[in-house]
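Structural description and commentary
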Amino acid sequence: MGNFVIKSEIHDVDESHIKPEDLRDLTRKYRAMLTSSNTGAWEYFPKENLLDCNNVYFSMLGRNIDDFARAQAKNLDSVWTELIHPDDRMEAITRFFDYLVKPEGMFESFFRMKHANGDWIWICSRGGALKDEKTGKVSSLIGTNVDITNQKHAEEEIQRERTLLRTLIDNLPDTIYVKDAQARKIIANKADLECIGRKTEAEVIGKTDTELFPGEIGERGYANDLEVLSGRPQLNKEEFFYDPQGCERWLSTSKVPVYDKFGRIDRILGIGHDITERKKSEQALRKLNDELNAQSKELKALNQQLILQKEQELEKAIAQGKFEIASEVLHDIGNALVGFGSYLTRINRANEQSALESLKSLNIFVKGQQALIGEAIGVDKANALVSITEGILKTQGESQREIGTSVGELLHIVSHIQEILNIQRQLVRNHGSSHDRKPVNLVDILDNCRSMLLASLEKKGIKLSMSIKPGSHIIKGDHTKLMQVMLNVLKNSVEAIDMESENKAISIAIESDETHLSLKFTDNGKGFDKETSKKFFQRGFTTKKSGTGLGLYNCRSIVESHAGTFDIKSDGPGLGAVTTIKFEI
């Protein structure tokens with residue numbers, strides 16, 4: 001190699017000025033250095049298509065140097081090409097010969113080679129060109145091979161964990177984002193992009209809240225970020241903003257600072273849970289409470305007035321035969337209470353449709369994966385993520401329970417008032433003479449009852465079916481009273497069904513003949529024994545913890561006032577019940 005100049009990044013050496021014994025010593029040290037560092041050395045001579053490799057080149061592949069013809073021309077395939085993984089072979093060969101044609105800078109290539117035991121190991125191959133000083137042409141390529149399998153596997157494992165974590169945050173319904181020390185977005189999940197009104201993460205990367213949200217909202221978010229960067233975390237802070245359609249939305253936001261290895265804050269981790277529906281429910285409930293408070297004095301006065309009026313009107317009606325006046329007054333109040341109860345039911349349904357169960361599942365998942373997440377993003381970040389999810393879960397649960405309790409109390413009050421109205425109307429009916437009634441379609445009443453109970457039935461997984469046989473379904477009667485009867489019977493069936501049962505069903509059958517119209521309500525609920533059935537129609541008897549004992553008593557009274565019969569039977573505990581109502585046509 002006396003005619004070649006070997007160049008390195010440290011210094012240049014002209015071999016023509018090196019003594020033979022010094023060159024041999026230098027070569028011996030060079031080879032010892034390569035062997036001790038487990039580095040494979042190779043040199044390719046294009047003229048002979050010969051690849052000369054040292055012992056380490058083969059030993060890192062679990063092979064013996066003596067098993068290869070190293071000094072034989074045209075050995076490139078057997079020594080190198082055929083040992084490369086089929087998926088990497090074409091790119092490795094192309095890169096190698098492209099460099100041979102245009103040897104600029106350093107040659108570098110990554111590929112897999114087959115170990116003697118059948119495994120594939122990753123190789124980092126680097127080298128350079130040696131040129132003839134006289135002709136300037138490439139006489140050979142010389143380089144090294146280093147086993148980087150462990151490094152590659154570590155990189156792949158990190159990438160898998162990053163992919164897993166990214167998949168998790170992108171599929172969570174909550175907004176998750178990370179900002180740098182200048183409060184600029186560096187990570188934003190799909191939910192966050194949707195809130196901002198952008199389609200790709202690239203549209204928000206590198207921007208602060210003042211650039212992403214107009215006016216006061218952006219300034220407020222940026223100011224909050226600066227507080228977090230100063231070391232003051234913000235947990236469960238309720239914030240509003242406007243979505244791309246201009247609609248107001250609310251988030252329960254938590255932001256925590258993230259510290260680097262030197263104890264300096266260099267990141268902000270944020271998560272936001274959409275509480276828009278909860279806010280709407282709270283606003284509706286506040287409005288309802290305000291209306292109720294404003295009307296409470298009027299209702300009390302009205303109640304006293306109604307009692308006095310009832311006494312006066314009943315006496316007058318007895319004398320004049322006009323009990324119909326009192327009946328119509330109570331009828332109108334009853335209708336108003338039905339509408340009021342329906343409104344409360346819708347509020348309760350919206351409250352029950354919260355994402356509390358999803359939050360519980362998320363909290364359990366994050367806790368279960370805390371160790372794995374800690375390995376991926378750091379223990380402090382993982383602990384913060386668990387703390388955030390627990391805080392959101394606690395806040396959402398408390399709000400849902402508070403709303404549910406308030407609505408439940410209001411529904412109980414409405415139910416109690418309805419019971420009082422029913423007693424008063426029955427009193428009027430008992431003391432008054434018969435009066436004309438309007439035609440009522442019982443199928444329409446049942447449809448209305450089913451609509452009112454639909455949300456409760458769906459939530460509890462109860463299947464309600466109706467069988468309507470041809471014939472007349474119309475009787476003359478009081479629409480409100482008959483609806484009260486049907487609702488009471490259906491509610492009793494719902495409450496009698498065991499929620500742990502796999503099959504929960506209620507059926508209604510309607511049929512008629514020339515003289516009678518009958519309705520049969522059948523459920524597969526808890527049923528009852530004969531002794532209990534004897535007490536159902538006793539005034540004040542109830543099997544419910546919060547019952548008044550007036551439901552079935554009033555139902556039977558109403559049906560009998562319509563020239564009908566009311567009966568309820570069961571084959572025993574656990575065998576369901578059948579309620580039969582018959583009217584004369």
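Structure's up top.
Being a predicted model, the structure only gives us computed values, none of them experimental.

1. Here we look at the packing of helix α14 (residues 442–460) against helix α15 (residues 479–496)
Remark: α14 packs on α15, axes separated minimally by 10 Å, with the N-to-C direction vectors making an angle of 30 degrees. Crossing hand, α14 versus α15: right-handed. Here α14 contributes L442, I445, L446, N448, C449, M452, L453, L457 and K460 to the contact with α15, which in turn contributes H479, L482, M483, M486, L487, L490, K491 and V494. Of the residues belonging to the contact of α14 with α15, the class tally is 13 nonpolar, two polar and two charged.

2. Focus on the pairing of strand β9 (residues 185–188)
Across three bridges, strand β8 (residues 175–180) lies against β9 in antiparallel orientation. Following the sheet pairing, V178 is matched in β9 by I187. Between the end of β8 and the start of β9, which pair antiparallel, lie four residues, with A183 showing a positive phi angle near 65 degrees.

3. Things to note about the sheet that holds strand β18 (residues 564–569)
Spatially, five strands are ordered β14-β16-β17-β19-β18 in an open sheet, and the strand pairing comes out mixed. Each edge of the open sheet carries a strand with a single partner, namely β14 (463–468) and β18. When the angles between neighbouring strand axes are averaged without regard to direction, this sheet yields 10 degrees. One ladder, built from six bridges, connects β18 with strand β19 (residues 577–584); its direction is antiparallel. Residue pairing in the sheet places I568 in a bridge with T579 of β19. Where α14 meets the sheet, it contacts β14, β16 (505–512), β17 (516–523) and β19, and its direction lies at approximately 170 degrees from that of β14.

4. So, the nonpolar core
Core analysis: the largest hydrophobic core is formed by 38 residues, its most contacted members being L442, M486, L519, F521, F566 and I581. Looking at this core, the elements that each hand over two or more residues are α14, α15, β16, β17, α17 (551–561), β18 and β19. With eight residues, the single largest contributor to this core is α15. Once residues lying within four places of it in the same chain are set aside, the contact partners of F521 are L446, M486, V489, L490, S507, I508, A577, V578, T579 and I581. By size, the runner-up hydrophobic cluster in this structure holds 26 residues, among which are C53, W80, F111 and M113.

5. Examining the packing of aromatic side chains
Under the counting rule described, the total for this entry stands at 13 aromatic pairs. With a centroid separation of 6.1 Å and an interplanar angle of 55 degrees, the aromatic rings of W42 and F96 are classed as tilted. Of this pair, W42 sits in strand β3 (residues 40–45) while F96 sits in helix α4 (residues 86–101), placing them 54 residues apart in sequence. You can call W42 buried: its relative accessible area is 5%. On the basis of relative accessibility, which here comes to 4%, the residue F96 falls in the buried class. Judged by centre distance (6.4 Å) and plane angle (90 degrees), the rings of Y44 and F97 are edge-to-face. Linking Y44 in strand β3 with F97 in helix α4, this pair joins segments that are 53 residues apart in sequence. Between K152 and the ring centre of F110, over which it is positioned, the NZ or CZ distance is 6.0 Å.

Reading the values: rules and limits
Residues numbered from 1 in each chain as written. Predicted model: local features only at pLDDT ≥ 70, side-chain atom pairs only at ≥ 80, totals over all residues. Heavy atoms only, no water. Axes fitted to C-alpha atoms, helices over the stretch in contact; angles between N-to-C directions. Helix = DSSP H or I, 4+ residues; strand = E, 2+ residues; numbered from the N terminus. Left-handed = near helix turned anticlockwise from the far one by under 90°. Contact = heavy atoms within 4.5 Å. Nonpolar A, V, L, I, M, F, W, Y, C, P; charged D, E, K, R; others polar. Pairing = 2+ DSSP bridges. Core = buried A, V, L, I, M, F, W, Y, C linked by side-chain atoms within 4.5 Å. Buried < 20%, exposed > 50% of the residue type's maximum accessible area, 1.4 Å probe, protein only. Phe/Tyr/Trp six-rings, centres within 6.5 Å; stacked < 30°, edge-to-face > 60°. Lys NZ or Arg CZ within 6 Å of the ring centre and 35° of its normal.

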